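# Structure assessment
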Amino acid sequence: MVFSSAAFLFYFLPTVFLLYRFTSPRFRNVLLLLSSLFFYFWGEQWLVAMLLASILANYILALIMANSNVFAECKPLEVGGKRNLRQKSALGVALVINFGLLAIYKYSNFFVVDVFGEALGVNASFFTNWQEIALPLGISFYTFQALSYVFDVYGGVVPATRNFVNLACYITMFPQLVAGPIVRYSDIMAQLVRRTTSVDDFAEGARRFILGLGKKVIIADSMGQVADGIFSMPVENVLASHAWLGIGAYTLQIYFDFSGYSDMAIGLGRMLGFHFLENFNYPYISRNITEFWRRWHISLSTWFRDYLYIPLGGNRAGRLRNLSNLWVVFLLCGLWHGASWTFVIWGAYHGLFLVAEKAWLGNAIRRFPVVLQHSYAMLVVMIGWVIFRADDMGHAGGMLLSAFGFGAASSSVYSISYHLNGWALVTMVAGVVFCTPVSSVAGRYFSGRMGSFIRFAMLAGVLGISTIRIVADSFHPFLYFRF
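What this report covers is the structure whose coordinates are included nearby. (Residues numbered from 1 in each chain as written. Predicted model: local features only at pLDDT ≥ 70, side-chain atom pairs only at ≥ 80, totals over all residues. Heavy atoms only, no water.)

Counting secondary structure elements, the protein chain contains 20 helices and zero strands. Taken across its 483 residues, the protein chain has 53% of its residues classed as buried. For the protein chain, contacts bridging at least 24 residues in sequence account for 77% of all contacts bridging at least 6. In the form shown here, the protein chain has an accessible surface area of approximately 22400 Å², with 66% of it arising from carbon and sulfur atoms. (Helix = DSSP H or I, 4+ residues; strand = E, 2+ residues; numbered from the N terminus. Buried < 20%, exposed > 50% of the residue type's maximum accessible area, 1.4 Å probe, protein only. Contact = heavy atoms within 4.5 Å. Areas by Shrake-Rupley, 256 points an atom, 1.4 Å probe, with all protein chains shown as cover.)

The computed volume of the largest pocket comes to approximately 1200 Å³. Around the largest pocket, the lining comprises 37 residues; the ones closest to its centre are Arg207, Leu211, Lys215, Phe434 and Ser439. The element that contributes the greatest number of residues to the lining of the largest pocket is helix H20 (residues 448-472), accounting for eight residues. Looking at the lining of the largest pocket residue by residue, the class counts come to 20 nonpolar, 11 polar and six charged. (1 Å grid on protein atoms, 1.4 Å probe; cavity = no way out; pocket = protein on both sides within 12 Å on 5 of 7 lines; lining within 4 Å. Points joined across faces, edges and corners; volume = space filled by probe spheres on them. Nonpolar A, V, L, I, M, F, W, Y, C, P; charged D, E, K, R; others polar.)

The next subject is helix H4 (residues 85-105). The end-to-end C-alpha distance of H4, which contains 21 residues, comes to 30 Å, matching closely the 30 Å that a straight helix rising 1.5 Å per residue would cover. Regarding H4, the residues found buried are Gln87, Ala90, Leu91, Ala94, Asn98, Leu101 and Leu102. Where H4 starts, the residue carrying a side-chain oxygen 3.1 Å from the main-chain nitrogen of Arg86 turns out to be Asn84. (Expected span 1.5 Å × (residues − 1). Polar contact = N/O pair within 3.5 Å; in protein donor to acceptor, adjacent residues only side chain to side chain.)

Below, the discussion takes up the packing of aromatic side chains. Counted according to the given criterion, the structure contains 49 aromatic pairs. Consider the rings of Phe39 and Phe174, whose centres lie 5.9 Å apart with planes at 40 degrees: the pair is tilted. Remark: Phe174 occurs in the loop between helix H7 (164-172) and helix H8 (185-193) and Phe39 occurs in helix H2 (residues 28-44); sequence separation between them is 135 residues. Accessibility expressed as a relative area gives 3% for Phe39, which makes it buried. Taking the relative accessible area as the measure of exposure, Phe174 reaches 0% and is therefore buried. Note that Arg21 overlies the ring of Phe22, its terminal NZ or CZ placed 5.4 Å from the centroid. Between the NZ or CZ atom of Arg83 and the centre of the ring of Tyr154, over which it lies, the distance is 5.5 Å. (Phe/Tyr/Trp six-rings, centres within 6.5 Å; stacked < 30°, edge-to-face > 60°. Lys NZ or Arg CZ within 6 Å of the ring centre and 35° of its normal.)

Here we come to the pattern of salt bridges. Across all of its chains, the model carries 11 salt bridges by this definition. For Asp257, the salt bridge identified is with Lys216, shortest N-O distance 2.9 Å. Residue Asp257 is located in helix H10 (residues 240-271), and its partner Lys216 is located in helix H9 (residues 199-231); the two are separated by 41 residues in the primary sequence. Among the charged side chains, a salt-bridge network with shared partners connects Arg208, Lys215, Asp263 and Glu278. (Salt bridge = Lys/Arg side-chain N within 4 Å of Asp/Glu carboxyl O.)

A few words now on empty space enclosed by the protein. Going through the model one piece at a time under the given rule, you end up with one cavity of 30 Å³ or more. Looking at the largest cavity, its volume works out to about 30 Å³. Here the residues of the lining of the largest cavity sort into five nonpolar, one polar and one charged.

The subject of this paragraph is the nonpolar core. Residues Phe8, Phe174, Tyr284 and Trp385 are the most contacted members of the largest nonpolar core, which totals 144 residues. With 16 residues, H10 is the single largest residue contributor to this core. Ignoring any residue separated from it by four or fewer positions in sequence, one finds Phe174 in contact with Phe3, Phe8, Phe12, Leu13, Val16, Leu32, Ser36, Phe39, Tyr261, Leu268 and Leu272. (Core = buried A, V, L, I, M, F, W, Y, C linked by side-chain atoms within 4.5 Å.)

At the junction of Gly180 and Pro181, the peptide bond is cis and its omega measures out at 5 degrees in the coordinates. Non-glycine residue Gln45 carries a positive phi angle of around 50 degrees. The phi dihedral of His297 is positive, around 45 degrees, even though this residue is not glycine. Relative to the assigned elements, His297 resides in the loop between helix H11 (289-295) and helix H12 (298-309).

Further remarks concern the packing of helix H1 (residues 6-21) against H9. Put simply, H1 and H9 touch, their axes get as near as 15 Å, and they point 160 degrees apart. Here H9 runs roughly antiparallel to H1, going by the angle between their axes. Our pair here, H1 against H9, has a crossing hand that is right-handed. Contacts between H1 and H9 involve Phe8, Leu9, Leu13 and Phe17 from the first element and Phe202, Phe209 and Leu213 from the second. Among the residues forming the contact of H1 with H9, the class breakdown is seven nonpolar, no polar and no charged. (Axes fitted to C-alpha atoms, helices over the stretch in contact; angles between N-to-C directions. Parallel < 35°, antiparallel > 145°, perpendicular 65-115°, else oblique. Left-handed = near helix turned anticlockwise from the far one by under 90°.)

By the secondary structure assignment, Val371 is in helix H15 (residues 370-389). With a relative accessible area of 56%, Val371 lands in the exposed category. Each C-alpha atom, one on Val371 and one on Arg287, is 8.4 Å from the other, the two residues being 84 residues apart in sequence.

Turning to the packing of H4 against helix H6 (residues 139-155), a few remarks are in order. The description of two packed helices rests on the angle between their axes and on the distance between the axes. Between H4 and H6, the least distance of the axes is 11 Å, while the angle of their chain directions is 170 degrees. By the angle class used here, H4 and H6 are roughly antiparallel. When H4 is examined against H6, the residues Gln87, Lys88, Leu91, Ala94, Leu95, Asn98, Phe99, Leu101, Leu102 and Tyr105 are found in contact with a partner set consisting of Ile139, Ser140, Thr143, Phe144, Ala146, Leu147, Val150, Phe151 and Tyr154. Looking at the contact of H4 with H6, its residues break down into 14 nonpolar, four polar and one charged.

Everything listed here is a matter of coordinates, which is why it stays silent on function.
Here it is, written out as structure tokens:
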């Protein structure tokens, strides 16, 4: 079940809000947990049992780390204090369980077939059984949430919770279960115990949800059709004009797809009384790659910073080690996105630019005019999206060669108009405009009664167009469900 589906919008969501409204605050977490488990069961069936088993294991291991149990009061451990063998062992078991699930379900095919199979020269058909392992929706997101809770308990940032329902509700909450943002337990710990939802909160949450739905259904899906059409063309038929149209369309698709989902998740959380942190901050206005990663998928980049980069030494390590750690972190960031060489190389590619900017390139770029700084950042990002989107590195290389005029095609049977019809052109222009803060600036001028009416009419229009497109086409998958 996806947010941009009739089943979610017209049946699941109204039912949950109606029950939530008339449920006592004492039992609302139980209702949210049951609703979230049903939401996950809808798509993954009995893999929900694995999700619950993972939560139970992390719940017990966190209590062991805290030297506590379900009957004793839990207090935070001393920050920076020594941990005994029992606590260290509990952390080790938690790491094995969480990363073990990722290794089995997400990376088995890649490491066994693509890595070891190729190294040994064994045909991929030999590993047919391995290739049947299905990737559970959202496993990367809910595993990282569970790990952040375990790490924070071990580090003394938060106390272990004795309330299993609260922990399970935190990890399985349907607004952000399958595609983030990655929410820290410390950020919503108090809200899990007590929260209120005012009319203003609900209205703001609904506004945010509708805008996110419009981002996804109107812009991302339209750009996805253009990008899919061009990336599915034989490389030998791709002209430079085709390549740049496809790259531009995918650049808009992935931003509006993922930021749209994050907006919907934040909006749904707000309507339920939760305040999730922002996950995007107009990344395409960045002037360098370092700034891009401060604005793109913020919950993931801060997770890697706090739980991997800083423990490896952060800025306290020597310069060479600091730069190598930064590159390794982004290599793993690429691998987190998917079990494929394209994702690994995409992460390494971004890591190289981050290392170069930290070493010397950043100072050089800051001397450029602003327009050149921005052009540099967008060129690096868009080339990276080709690697990210392509089926393999041969496909990526062919698309990039075509984009820069070195492709095999001198002509093509497909004209640009074949891919870029009137609707796609309108949504592409809208995408370019709305990936900048122009809407926030324009909103300052919509004040008073007339301004409220204009904002309401715009939201109603976005909701109406989105609903029509959802009813007309039932296929609206989110890109980040794959990760």
